[in-house]
Every structure is written in C-alpha cells, then in structure tokens.
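The residues making up each chain are set out below.
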Amino acid sequence: METAPMAPMDYIQILKRRKWSLLLPAVIVFLIAVVVALALPSIYMSTSTILIEEQDIPADFVMTMVTSYVEQRLQSINQRMMSFTKLSEIIQRFDLYPELRDKLTSEEIVEKMKEDTVLEPVSTEVVDRRTGRPSAATIAFTLSYQGKNPNTVQQVANVLTSLFLSENLQVRETQAKETAAFLESEMEKIKDKLADLEARVAKFKNEHINELPELLQLNLQSLDRIEREETLAKEQLRNLNERKIYYQSQLAGIEPYLETEEDMVSQRRLEELKVELVHLTKTFSDEYPDVRKARAEIKDLEKQLTAAGATRKANKKPPDNPAYINLAAQLTNAQADIKLIQHQIKELDLSATEFRRRIAATPDVEEAYNALLAERNNTQAKFDDLMRKHMEAGVAQGLEKEQKGERFTLIDPARLPQKPFKPNRLAIMLIGLVLGIGAGIGFAAIREFSDDAVRNPDQLELATKFPVLAGIPPIITQKDLVRRRWKRLALATGTIGIIVAGIAVFHFMVMDLNIFWAKLMRRLLI
C-alpha cells in the first residue's frame, strides 16, 4: 500500500494514538533504572596523598644507592605490599568482605581487595637538568581504598598508607645495606686476587730476574762490553801465538847446553874445514884426495859433535845455555798467557751466549710480564674503585638511616568519606530515562508502522484509487467517557507518583531538601 507524505498533524495524531505505547515502556525502563540505582550498594573511597621529596643533601656530595626510577620503585613496593600474607592480615583485622567468605576462596578475596586498592602517580612537567628539555616527572602519588563502610575504608586506607611508607623506608635501608655488603664482599675477593697476582709477579720476577724488560738495556750494554773484551782477548791471543812461534823458531837455532873446550875446538875445526872445502871444490874435483879428506874429516867432526850433544841430552841435564834458558822462559810465559787468554775467551764466549739468550728471551718474558702487570694494575684499579664505592655506600647507608635521602611524605592523610563516590545514581536514572524514552519511541514506532488500518479519507482514497463520497464521525458513548476519565486519573496519579519519587530520590541520594531549599533561598536573596 502506498503511503502519503506525513504532515506535522499526522505526528501529533500518532502521539495521541500511541501515547500508552510510548509512556508504558518509558516508565517501565525508568523504574527499572531507579530500582537498580537504589539497589546498588554505596561504595565509599578514602584517599591518601603522598609527596615524593628529594634528598636533603645534594647528590654531588652524597650519592644514594637507590638508583631505580620512582615509578619502578612504586610498583615494586606496591607488589610487596599487595602480597597475600599482608592483605590477609588486613582482611582479618578489619573483618573485610564478610559476605564473600562463603562464596569465594581466600585467594579470590585477596584479589578483590587488590582491585579495591588503587595506586595512581601524580606527574607534572619539569625541565631535565641534563638535557634542558621538559619531561614528565612523578612528584607524588595517591593511595586509595574503596568499600561499603566509610569508617572501615578510612582505617584500611591509613593502614595501607603506613605500610607503604614503612615498606619504602625498609626497602631503601635494605638496598643500601645490601649494596654496602656486596661491595665489601667483592672488595675482599678482589683483595685476595690482588695478593695472588702480587705473589705471581714476584715469583715471575725471581724466575726471570735476568730477562726482565727493564734489564734489556743493561744486557745489551753488557753484551757489547763482552764482545769488545772478547775481540781484545782474541787480538792478544794472536799476538801471543806469533810470539810463541817466534820463540820456538829462536830456540830451534840455539843449543840448550854450553859447548866444552873440546867441542869448541871441534866446532872451529869444522867451520875451518867447511871453508877449506869450499876453496878446494872451486879448484879441484870431488875425487881429489884433499877434497875427499876434508869431507871425511867434516863428517867425522859432525858425528862427534852430534854424539856429544846426544850424550848431553841423554843425561837429562837442565840446559845451561843462558840464551836458551832465557828464550825458553819467554816461550813458557807466552804459552801460559795463551792458555789464560784462551780460558778468558771461553768464559767471555759463555757470557756472551748467556746475554744473547737473555736478550732473545726478553720479548717473550716482556709479553708475559706485561700481561701480569696489566692484570695486576687492572685489579688494583678495580680494588681502588670498589674501595671508593664502598665508602660511598657507607655514607649512603647513613643517609638512609638518618632519612636524609629521597623519602615519601604523607601530606594528605585518608579522610572519612562523607558521601559515596559510586554508584552515580543520578547518572543511572538519567540513563534509564533516556533509554526509557528511546524504548517508548521505538515501541510506538513499531506498533504504528506495523498497523495497516486506514485512519483518514486521504489514506483510503490513496489505497483504493476511488474518491470518498462520505465519512461517519466517531460515536462516543457514556462508557467511553467513563474510560477516558479513568485513564486521565491514572495518568495524573502516575505523574504525581513519579514526581514524589523523584523528590524522594533527590532528597536521599543527591541533597537534603532542607539544604537545597536553604541554598535556593540564599541564591534568590542574593
């Protein structure tokens, strides 16, 4: 069926026709919202505000041992504080959640308390001293607890705040103490290691005392000196050998024994005969009698002199020729000097070999020695650093004991809540009213658009394509009038009831009417 465009009067007719379809769902939904808002228990919240104060003494003078960020430390303390044991003690102490003990386990009740406890940091924009750029910094935080009983909520919030503050002090003192103890134990380990390295260095120096790097220059100078001495000794040996050869050649031409008178006569006769033989051989041949006689006599004299010398040697008498004795003594001295020089050269050669070995071994010894020294120096530097840090840790520990470091200060303790923070009954009722109106409009629209009834001549003419000849007006009977009066009475009664209920809700849930009236009058008078 085709539909004609709707005019404003058509919408008014629909409202009149579907007023109950519009009102009943709206009232029902609104009443449900009112019941829900009134049925929900009141939840109160008590909040403590804690300020994070920086340490009193500048960090340039005393460095704290607590190096974690504030946000990280807050979460860490929160996890410690929210342990099962501590929350269970608080639950038993204040008899929390009695209605849940028969329904939930202890772990679930503790989880419920964790959900009711809220930790929120308070941040602000500050300028970073190192970078000069603005950044967010946590300067405080709030700790809240919510529950049904305002007195209990306040007490639990105060207990949680006290636990948080004490836990922070304990954590900072413990961390400072553990840091100092750790540094002390590490310092003792490094001290033992340093003593061991000192012993190893001393042992290494004793084992390689002549190959140490600092003795390299001395070894080189000693080797150079020994080589020069060895060169001089070899030159002396060469000279002595020449002298030895000279003395030996001189001794070979000198008789060790002095000649007798007879030997001297025979020697002179031998020399004369040799001269005479030379003259004879120039004049006569070898077969000439005088030549033969001279040669025979020379031969006899030589045999006689040789036999006499052999006889003196066979008797093993010491030489008595002063010239021979002098040359023999000089030869003996030269031979002794040669042996001495040869021994010196041997000793010098051994010393040079030893110094060459030291010089050759110095690079390897230097590498191992430097490695030991580097390890010793690094360990010493680490020990000095640990000593400095241990002293700083001791000062920081005193800083925490005196509570001069960063600390949490309670600036706003938990107060007794005067009114619940949830549920927001007014918001629930307003939402119920909006939903009710929407439900009423939707229900009325569904009924209207699903109804095929023809309600005016135009719709009939449009539906049948025939003109309308006449119309019969509505016939209102006495019974219809009575029904209409009852409907109006019910509407008036419902309206009055809703107004009374709204006033009661406002009085009990929003503001006391006497207070509201006083404020209203004060406003009007002003």
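See the structure printed just above.
What you are looking at is a predicted structure, and each value in this text was computed from that prediction instead of being measured.

**So, the overall build of the protein**
Inference 1: For the protein, the count of helices and strands is 14 helices and 4 strands.
Inference 2: Split into buried and exposed, the 526 residues of the protein put 27% on the buried side.
Inference 3: Within the protein, contacts between residues at least 6 apart in sequence are counted, and of these 80% link residues at least 24 apart.
Inference 4: Summing over all exposed atoms, the protein offers an accessible surface of approximately 35700 Å²; the carbon and sulfur share of this is 59%.

**Details of the packing of aromatic side chains**
Inference 1: Here the structure, examined in full by the defined rule, presents 2 aromatic pairs.
Inference 2: Residues Phe 141 and Phe 164 carry aromatic rings whose centres are separated by 5.0 Å and whose planes lie at 45° to one another, so their mutual orientation is tilted. With a gap of 23 residues between them, Phe 141 in strand β3 (residues 134-147) and Phe 164 in helix α6 (residues 150-207) connect regions that are remote in the sequence.
Inference 3: Residue classification places Phe 164 among the buried positions, given a relative accessible area of 0%.
Inference 4: An angle of 15° between the planes, with centres 6.0 Å apart, marks the rings of Phe 204 and Tyr 369 as stacked. Separated by 165 residues along the polypeptide, Phe 204 in helix α6 and Tyr 369 in helix α10 (residues 322-401) bring together distant segments of the chain. Like Tyr 369, Phe 204 is buried.
Inference 5: When the ring centre of Phe 355 is taken as reference, the NZ or CZ atom of Arg 358 above it lies at 4.7 Å.

**Quick look at a positive patch on the surface**
Inference 1: Taken together, the side chains of Lys 19, Arg 484, Lys 487 and Arg 488 define a basic patch exposed on the protein surface.
Inference 2: As for its position among the elements, Arg 484 is in helix α13 (residues 478-510).

**Here's the deal with unusual backbone geometry**
Trans peptide bonds make up most of the peptide bonds, and negative phi angles are found at most residues other than glycine.
Inference 1: Despite not being glycine, Asp 95 shows a phi value in the positive range, around 55°.
Inference 2: Topologically, Asp 95 is positioned in the loop between α4 (84-94) and α5 (106-116).
Inference 3: With relative accessibility at 43%, the residue Asp 95 sits in the partly exposed group.
Inference 4: The phi dihedral of Tyr 97 is positive, around 55°, even though this residue is not glycine.
Inference 5: Relative to the helices and strands, Tyr 97 is located in the loop between α4 and α5.

**Describing the pattern of salt bridges**
Any two side chains of opposite charge can pair, so long as their charged atoms come close to each other.
Inference 1: Evaluated as defined, the whole model comprises 16 salt bridges.
Inference 2: The partner of Glu 354 in a salt bridge is Arg 358, and the shortest N-O contact between them spans 3.2 Å. With Glu 354 and Arg 358 both in helix α10 and 4 residues apart, this pair spans about one turn of that helix.
Inference 3: With its nearest N and O atoms 2.5 Å apart, the salt bridge here joins Arg 388 to Asp 385. Of this pair, Arg 388 and Asp 385 both sit in helix α10, 3 residues apart, which is roughly one turn of the helix.
Inference 4: Look at Arg 388 and you get partly exposed, because its relative accessible area is 40%.
Inference 5: Overall, the relative accessible area of 26% leaves Asp 385 in the partly exposed class.

**Comments concerning the packing of α4 against α5**
Inference 1: Remark: α4 packs on α5, axes separated minimally by 10 Å, with the N-to-C direction vectors making an angle of 85°. As summarised for this structure, α4 and α5 are arranged roughly perpendicular, according to the angle between their axes. Taken together, the residues of α5 that come into contact with α4 (itself represented by Phe 84, Leu 87, Ser 88, Ile 90 and Ile 91) are Ser 106, Glu 107, Ile 109, Val 110, Met 113 and Lys 114.
Inference 2: Here the contact of α4 with α5 is built from residues that sort into 7 nonpolar, 2 polar and 2 charged.

**A few points about the side chain of Thr 161**
Inference 1: Mapped onto the secondary structure, Thr 161 falls in helix α6.
Inference 2: Of the polar contacts made by the side chain of Thr 161, one reaches the backbone oxygen of Ala 157; its length is 2.7 Å.
Inference 3: Look past the residues within four positions of Thr 161 in its chain and what remains in contact with it is Ser 48, Ile 50, Leu 143 and Leu 410.

**Section: α5**
Inference 1: For α5, the set of buried residues is Ile 109, Val 110, Met 113 and Asp 116. Summarising the axial view, the buried residues of α5 lie within an arc of 115°, below the 170-degree limit, and thus occupy one face.

**Focus on the packing of α4 against α6**
Inference 1: At a closest axis distance of 11 Å, the pairing of α4 and α6 adopts a crossing angle of 150°. In terms of their interaxial angle, α4 and α6 are classed as roughly antiparallel. Every pair of crossing elements has a handedness; the one defined by α4 and α6 is right-handed. For the pair α4 and α6, the contacting residues are Lys 86, Leu 87, Ile 90, Arg 93 and Phe 94 in the first and Thr 152, Gln 155, Val 156, Val 159, Leu 160, Leu 163 and Glu 167 in the second.
Inference 2: A per-class count over the contact of α4 with α6 returns 7 nonpolar, 2 polar and 3 charged.

**What about α6?**
Inference 1: Over its 58 residues, α6 extends 84 Å from the first C-alpha to the last, a length consistent with the 86 Å expected when each residue adds 1.5 Å.
Inference 2: Between a side-chain oxygen at the N-terminus of α6 and the backbone nitrogen of Asn 151 the separation is 3.0 Å; the capping residue is Asn 149.

What counts and how
- Residues numbered from 1 in each chain as written.
- Predicted model: local features only at pLDDT ≥ 70, side-chain atom pairs only at ≥ 80, totals over all residues.
- Heavy atoms only, no water.
- Helix = DSSP H or I, 4+ residues; strand = E, 2+ residues; numbered from the N terminus.
- Buried < 20%, exposed > 50% of the residue type's maximum accessible area, 1.4 Å probe, protein only.
- Contact = heavy atoms within 4.5 Å.
- Areas by Shrake-Rupley, 256 points an atom, 1.4 Å probe, with all protein chains shown as cover.
- Phe/Tyr/Trp six-rings, centres within 6.5 Å; stacked < 30°, edge-to-face > 60°.
- Lys NZ or Arg CZ within 6 Å of the ring centre and 35° of its normal.
- Patch = residues over 30% accessible without salt bridge, like charges linked within 9 Å, V, L, I, M, F, W, Y side chains within 5 Å.
- Salt bridge = Lys/Arg side-chain N within 4 Å of Asp/Glu carboxyl O.
- Lys, Arg positive; Asp, Glu negative; His and termini not counted.
- Charge placed at Lys NZ, Arg CZ, Asp CG, Glu CD.
- Axes fitted to C-alpha atoms, helices over the stretch in contact; angles between N-to-C directions.
- Parallel < 35°, antiparallel > 145°, perpendicular 65-115°, else oblique.
- Nonpolar A, V, L, I, M, F, W, Y, C, P; charged D, E, K, R; others polar.
- Polar contact = N/O pair within 3.5 Å; in protein donor to acceptor, adjacent residues only side chain to side chain.
- Arc of directions from axis to C-beta.
- Left-handed = near helix turned anticlockwise from the far one by under 90°.
- Expected span 1.5 Å × (residues − 1).

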